[in-house]
Amino acid sequence: MSVIHVNNVSKHFGALKAVDGLSFEVQEGQVFGFLGQNGSGKSTTIRMLLSLIHPTSGNIEIFGHSIQDNRNEVLEEIGAIIERPDLYPYLSAKEHLQLFAKLRSKKIKPNAIEDTLRKVGLLDRSKDKVQTFSLGMKQRLGIGIALLHNPSLIILDEPTNGLDPQGISDIRNLIQYLAKEEGKTILVSSHILSEIEQMASHILILHKGKKLADGPIQTMLDPNKMIVHLTTTNDEQALQVILAGSYSNYLLKRTEGIYLSLPHFEIPLLNQFLVNAGVGLISVESRNSLEDYFLQLTSNSN
Amino acid sequence: MKAIISFELYKIFRRPRTYIAFGAIAALIVVIQFGLKVDGQSYAAFLMKDINDTLTVDGKVLNGYLICYILLQLLLVHVPLLVALIAADMISGEANLGTLRLLFSTPFTRTQWVLGKFIAASIYTIVLLIWLAFLALFVSMWVFGTDDLFLMKSNYVVLIQEKDVLWRYVGAFVFASFSLLTVTALGFLMSSMANNSIGPIVGTMSAIVFFTILSTLNIPLFSIIKPYLFTTHMNNWKEFFDIQVNEDNEAIAGSILNIAKIKNSLLVLSAHIILFVTVAVYITKKKDILS
Amino acid sequence: MKKMVVSLLLLCFTHAGFAQVDPLIEKVSKKLALVNDYVAEGVMKTDVSFIKASLGKVKVYFKKPNLLKVKKEGGISLLPKGGVSLTINTLLNTKKYSTIPGGTQVVNGKTLTVVKLIPNDDNLDWVISTLWIDPVEALVYKTATTTKENGSYEITMQYGSYAQYGLASKIIFSFNTKDYKLPNGITLEFGDEDPAAKKKLLKNKKGTVEITYNNYIINKGIPNTIF
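The structure presented is a predicted model; accordingly, all values stated were derived computationally and were not measured.

### A word on the overall build of chain B
(1) Moving on: Per the secondary structure count, chain B includes 13 helices and 3 strands.
(2) Moving on: Its C-alpha atoms give chain B a radius of gyration of 21 Å, near enough to 19 Å, the size a compact globule of 291 residues would have.
(3) Moving on: Dimensions of chain B, computed from C-alpha atoms along their principal axes, come out at roughly 70 × 40 × 30 Å.
(4) Moving on: For chain B, with 291 residues in total, the buried portion stands at 48%.
(5) Moving on: Summarising the internal contacts of chain B: among those between residues at least 6 apart in sequence, 77% fall at separations of at least 24.

Written out as structure tokens, the structure reads:
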């Protein structure tokens, strides 16, 4: 079942096309990674999903309902944090949860506030004012608010922003727990690609407001599309050799270093070819990562 | 909607800024009451200079009712500025803090949010007014006692019997609540147009000061627009303290000289409240939450 | 006014040799002498162009020779300055005056004898007082008194059931009022003034205070502390 259906949505701020003809679908139970550099249109899209920004054109359906027409019903089933964890500095963590619980028509279990505080690791600081919290604690409280009413769809915009490695790991574990143990559909955006790589089952790559690619992460990370980074004694010579031969088709345009994208079985052959051509090889690193895929796509697009 | 109102009220009354206004009003009133308690007689003598030439005034002129009137005269001009401090922050303050996106992604429409926030701000305004009434009227009654209200206006004197005074204060405070709600609505409108608190607060205060000056200047050019300015009508709570006289120049107890003026002012103020809030709803509905 | 006072004083001196108390005044004084003190309850009405006041209950206390106090019951009262103490009792009980006959005048259909009083004591506050007296009833129906400091007053009296003591059932004090004006900056009234109301208020510059008495309690004794 399609939880989010975005159909040809655009958002223009004057001459700037923040989002341009974007379409995608998120299915139930997916952890959907929303990837893009800063300013690529991720947050604008997420804000449109939450009806914080009105699309210039296009339709958004969530749970099969148009967000424009059935806003309140749709939002009842969504929990979200958007960018920074901005909260009320003069209120405590517990007060935040108590207040936001009032804004939901869904009945919230009596122990839900304590459970949520425990889940996000703030139980022992529940009575402290938010102004005494670190960024990571605020972020966790923000997630707590998003989870409090047990929504079916969780939207997390840059949830690991500004967190220390432990904080990032905690959030990652929480997202994985929510997806696997509680069967939530999660849309998570980030510009930190390794994060998405470790959490998402599906990804969408957004660049300058346009979709570059989307699909299951396995297909994105096709073993037939390995990224190879060559370190040679003479890069200029190596490049000339590659461009002259059949490997020129695999060459990736990069400002620094020599990168090729090729099936894994081609790597030994490439190695052989370069050695035969007299290129002094220092190392051949092959990687199959989202980051390379992402960089490749965005650099091609540029 | 009830949820929004209680949510907003909780925040308002948990915020230190809220109590600035309560503190400022208490400080002002206590200082004036102290001054009048210590040296009120010379103030009264100064006011009654013309009257004392012809008449002997016997009784407790400087009683709680007159003190309250003096306090209201002084304070109801300035309380709007304190109201602006909260009202003009209601939407823009959240935008500045970044919490507006949290609120507007809850299952309530923006119209509900704006109206809920306006009602909460209005409740704050009315609580502030009740605080003012308590200090200015009841504390003054307690400290200075009560007697007839001997009111010295610019061109004449009104002597209202003690038993005929209290309901007039009730009327005046109800009227003042309309005045202050107009300021609340104006602050709200300004608040809907900005993403920071300072701009709308200063904007609301400036608008009040600007229009008050236009309302008080007796320049014929401005007289054309005066009837339409909310500031012209805000001070008409005083009309509750003017009384009708019969053919024999006897004051008619329980009467108000110009009830039509009060009704007209209430209409103009209500129209302003509706206009300001409607525009605030429209702007908030239309705007993209980018903060 | 000054000229008038001076000429009256001159008149007084020219008649000084013949100064004697008018028999009618003696008759009135005798009647008033029956009253050592009284407490009267009444209703007071203040009618001054710049004052809007309602009727108020008052108690009037009098004690020989010239103590008089008007007290409003639980409220603020406005009385002509110094004027109320110049009632017929307080005037005549001083005994420090000379009289000048002034003929007769018809007032409200009654033929009244006019007698002028000139004080013999410089310490008294009044300069001259004219009395309009019904010679048959020995009742004073009107007085006009010029004071040293508080202007001129006219007091008109009506009589009822206490006429045998020379006590009025209604007293009307008439006096001239001065302009009243407080700056807008003090009253904080900046709105447009209603010109019609202002005009109406300023039309009449004569003020009156009326006291209508309901009952008198006579000669029951009053402590001096009241005054």
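Picking up where we left off.
### Quick notes on helix α1 (residues 2–14) of chain B
(1) Moving on: For α1 of chain B, spanning 13 residues, the distance from its first C-alpha to its last is 18 Å, which sits close to the expected 18 Å at 1.5 Å a residue.
(2) Moving on: Within α1 of chain B, the full set of buried residues consists of I4, F7, E8 and K11 of chain B. Seen from one end, α1 of chain B has its buried residues packed into an arc of 90°, which puts them on one side.
(3) Moving on: Looking at the buried residues of α1 of chain B, the elements they touch are α3 (93–102) of chain A together with α8 (110–144) of chain B.

### Notes on the pairing of strand β6 (residues 78–81) of chain A
Residue and element names in this part refer to chain A.
(1) Moving on: On β6, burial covers both faces: I78 and A80 on one face and G79 and I81 on the other are all buried.
(2) Moving on: For β6 and strand β7 (residues 153–157), the ladder comprises 4 bridges, and the chain directions are parallel. Looking at the pairing, I78 lines up with L153 of β7.

### Here's the deal with the packing of α3 of chain A against helix α5 (residues 135–147) of chain A
Residue and element names in this part refer to chain A.
(1) Moving on: Running from N to C, α3 and α5 cross one another at 25°; their axes reach a closest spacing of 10 Å. If you check the angle between α3 and α5, you find them roughly parallel. Here α3 runs over α5; the crossing is right-handed. Across the interface between the two elements, A93, H96, L97 and F100 of α3 pack against L141, G144 and I145 of α5.

### Some thoughts on the environment of T147 of chain C
Residues and elements named next belong to chain C.
(1) Moving on: With respect to the element layout, T147 can be found in strand β9 (residues 139–147).
(2) Moving on: Using a count of 20 C-beta atoms within 10 Å as the deciding quantity, one classes T147 as buried.
(3) Moving on: Spatially, the C-alpha atoms of T147 and K178 are 16 Å apart, while their sequence positions differ by 31 residues.

### Side note on the interface of chain B and chain C
For an interface, size is often stated in terms of accessible area lost upon the parts coming together.
(1) Moving on: Each side of the interface is counted separately: chain B has 35 residues, and chain C has 33 residues.
(2) Moving on: Broken down by secondary-structure element, the contributors of at least two residues to the side of chain B that touches chain C are α3 (49–54), β1 (55–58), β2 (149–152), β3 (157–160) and α10 (198–216) of chain B.
(3) Moving on: For the side of chain B that touches chain C, the class distribution of residues is 15 nonpolar, 11 polar and 9 charged.
(4) Moving on: In terms of strand pairing, β1 of chain B meets strand β5 (residues 77–80) of chain C through 4 bridges, oriented antiparallel. Paired with V57 of chain B across the strands is L78 of chain C, a residue of β5 of chain C.

### Some points on the sheet that holds strand β2 (residues 51–53) of chain C
(1) Moving on: In space, the 3 strands of this open sheet follow the order β2(B)-β3(B)-β2(C), with mixed pairing throughout. What marks the edges here is a single partner per strand, and that holds for β2 of chain B together with β2 of chain C. In this sheet, adjacent strand axes meet at a mean angle of 10° when their direction is disregarded.
(2) Moving on: Taken together, the 3 bridges between β3 of chain B and β2 of chain C define a ladder with parallel strand orientation. Note on β2 of chain C: the bridge partner recorded for L159 of chain B is A53 of chain C.

### Points about helix α6 (residues 165–182) of chain A
Residue and element names in this part refer to chain A.
(1) Moving on: Across its 18 residues, α6 extends 25 Å between first and last C-alpha, which sits within 8% of the 26 Å expected from 1.5 Å per residue.
(2) Moving on: Along α6, the residues classified as buried are I168, I171, I175, L178 and A179. All buried residues of α6 lie within an arc of 95° about the axis, which places them on one face of the element. Pointing more than 90 degrees away from the buried face of α6 are the exposed residues P165, Q166, N173, Y177, K180, E181 and E182.
(3) Moving on: Tucked into the core, α6 has its buried residues touching β3 (31–36), β7, β8 (185–190) and α7 (193–199).

### Thoughts on the confidence of the model for chain B
(1) Moving on: Counting all residues, the mean pLDDT for chain B is 90, and 100% of those residues have values of 70 or more.
(2) Moving on: Model confidence for the complex is summarised by a pTM of 0.82, with the ipTM given as 0.83.

### Observations concerning the interface of chain A and chain B
(1) Moving on: Every contact between the two is made by 21 residues of chain A and, on the other side, 20 residues of chain B.
(2) Moving on: Tallying contributions element by element places helix α2 (residues 71–76) of chain A first for the side of chain A that touches chain B, with 4 residues.
(3) Moving on: Here the side of chain A that touches chain B is built from residues that sort into 12 nonpolar, 3 polar and 6 charged.

### Notes on the domain arrangement of chain A
(1) Moving on: Domain parsing of chain A yields domain 1 (2–216) and domain 2 (226–301).
(2) Moving on: A C-alpha centroid distance of 38 Å is found between domain 1 of chain A and domain 2 of chain A.

Definitions and cut-offs
Residues numbered from 1 in each chain as written. Chains lettered and ligands numbered in written order. Predicted model: local features only at pLDDT ≥ 70, side-chain atom pairs only at ≥ 80, totals over all residues. Helix = DSSP H or I, 4+ residues; strand = E, 2+ residues; numbered from the N terminus. Rg over C-alpha atoms; globule rule 2.2 N^0.38 Å. Buried ≥ 20, exposed ≤ 12 C-beta atoms within 10 Å, placed from the backbone. Contact = placed C-beta atoms within 7 Å. Expected span 1.5 Å × (residues − 1). Arc of directions from axis to C-beta. Pairing = 2+ DSSP bridges. Axes fitted to C-alpha atoms, helices over the stretch in contact; angles between N-to-C directions. Parallel < 35°, antiparallel > 145°, perpendicular 65-115°, else oblique. Left-handed = near helix turned anticlockwise from the far one by under 90°. Nonpolar A, V, L, I, M, F, W, Y, C, P; charged D, E, K, R; others polar. pLDDT = per-residue confidence, 0-100. Domains from an automatic or database assignment.

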